[in-house]
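Residue-level structure breakdown
Each chain, written out:
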Amino acid sequence: MKKRKKSAIVPQSGAISLLHKTWLFAGSVLGLDIVMLIIGIILSGMSFTVNYTANGGEIIKDDPISFFGVISAVVLGINCLLIALMLAGAFTRKRRTPTILGAAGLLLVSLAMIGSSAYMVLGSPVRSERYFSYTDDSLRLIAEESDPYFGKGTVSFYLTSGTEESGKAVLLAKTDISEYSDSEDRYSISWISDDVLRIDFPDGARYRNLTITLDKSKLETPENMENS
C-alpha cells in the first residue's frame, strides 16, 4: 500500500501577507482622520491676517491658511489609497463581504472627518462671486457677493486707495445676504461725513444699510460699524 504524500503548504508572498493586515490600513486611515480633525479645531480657533489686492474689478485674497485645503486633499488621497489596499486584500480572501463593507464605511467616515476639518478652517467653498465697483475722486469701493455651496450668501465691501485698477485693498465690512444681484444699481454709496461711509441696498423684503467709520488716509480697518 502506497502512502499518500502530504500536500505542501505554499507560503504566502510578502505582498499578500501585507494585504491581509486590513487592521493596519484601517488604523492608519482613522489615525490620519483624527489628526486632521485636531489640526482643524486648533486652526479654526486661531486668527490669521489676510491680505487683499484689487485686480481689475476683482479682489485677490492672500490667505495664509489656504494651504490647509491642499493638505486636506493630499490626506484624503492617501486615505483612498489605503482603503483601496484594504479592498485588494479582501479579494484575496474567501470572506470578502465584511472587509468590503468596512472599507466603504471607513471611506464615509474619512470624508466626513476631513471635510469637517476643512470646513472649520476654510469655511464653505464658493460656487460663484459677483463684483461691483464704485469710484469717486480719490477712492474705489468694490462690493463682492459670494454664493457658497453651503450656508448663507455674503456681501463684502473693500476700499482701495486711489482709483487705479490694481492696488492694495482693505476689507471694510462683511454681512449675510438673502439674494444676489446682477446689477451695480443695487448698492447706493454715500458719504455722511468726511470719514463716515453709508451703503444702502435692498435684500429680499428688507432695505438695509451699513454705516462705516474709516481712516481714508491709512486705509485702516474701520473702528466701528453699524448694520441694520
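See the structure shown above.
Values in this document were obtained by computation on a predicted structure and should not be read as measured data.

**Side note on the layout of surface pockets**
As a volume, the largest pocket reaches approximately 820 Å³. Asp-63, Leu-122, Gly-123, Ser-124 and Lys-174 are, among the 29 residues lining the largest pocket, the residues nearest its centre. If you list the elements that add at least two residues to the lining of the largest pocket, you get helix H4 (97–122), strand E3 (126–135), strand E4 (139–148), strand E5 (153–161) and strand E6 (166–177).

**Quick notes on the nonpolar core**
Within the largest apolar cluster, 18 residues are counted, with the highest numbers of intra-cluster contacts made by Leu-141, Phe-157, Tyr-187, Ile-199 and Phe-201. Sorting the residues of this core by element identifies E3, E4, E5, E6, strand E8 (196–203) and strand E9 (206–213) as the ones contributing at least two each.

**Details of helix H3 (residues 67–90)**
In this model, H3 (24 residues) spans 35 Å end to end at C-alpha, consistent with the 34 Å of a helix rising 1.5 Å per residue. Within the sequence span of H3, burial applies to Phe-68, Ser-72, Val-75, Asn-79, Leu-82, Ile-83, Met-86, Gly-89 and Ala-90.

**Notes on the packing of H3 against H4**
For the pair H3 and H4, interaxial distance at closest approach is 10 Å and the crossing angle is 175 degrees. It follows that H3 is roughly antiparallel to H4 by the angle criterion. Facing Phe-68, Gly-69, Ser-72, Val-75, Leu-76, Asn-79, Cys-80, Ile-83, Met-86, Leu-87 and Ala-90 of H3, the residues of H4 in contact are Thr-99, Ile-100, Ala-103, Leu-106, Leu-107, Ser-110, Leu-111, Ile-114, Ser-117, Ala-118, Val-121 and Leu-122. The residue inventory of the contact of H3 with H4, partitioned by class, reads 17 nonpolar, 6 polar and no charged.

What counts and how
- Residues numbered from 1 in each chain as written.
- Predicted model: local features only at pLDDT ≥ 70, side-chain atom pairs only at ≥ 80, totals over all residues.
- Heavy atoms only, no water.
- 1 Å grid on protein atoms, 1.4 Å probe; cavity = no way out; pocket = protein on both sides within 12 Å on 5 of 7 lines; lining within 4 Å.
- Points joined across faces, edges and corners; volume = space filled by probe spheres on them.
- Helix = DSSP H or I, 4+ residues; strand = E, 2+ residues; numbered from the N terminus.
- Core = buried A, V, L, I, M, F, W, Y, C linked by side-chain atoms within 4.5 Å.
- Buried < 20%, exposed > 50% of the residue type's maximum accessible area, 1.4 Å probe, protein only.
- Expected span 1.5 Å × (residues − 1).
- Axes fitted to C-alpha atoms, helices over the stretch in contact; angles between N-to-C directions.
- Parallel < 35°, antiparallel > 145°, perpendicular 65-115°, else oblique.
- Contact = heavy atoms within 4.5 Å.
- Nonpolar A, V, L, I, M, F, W, Y, C, P; charged D, E, K, R; others polar.

Read these as layout, nothing more, since geometry by itself doesn't imply function.
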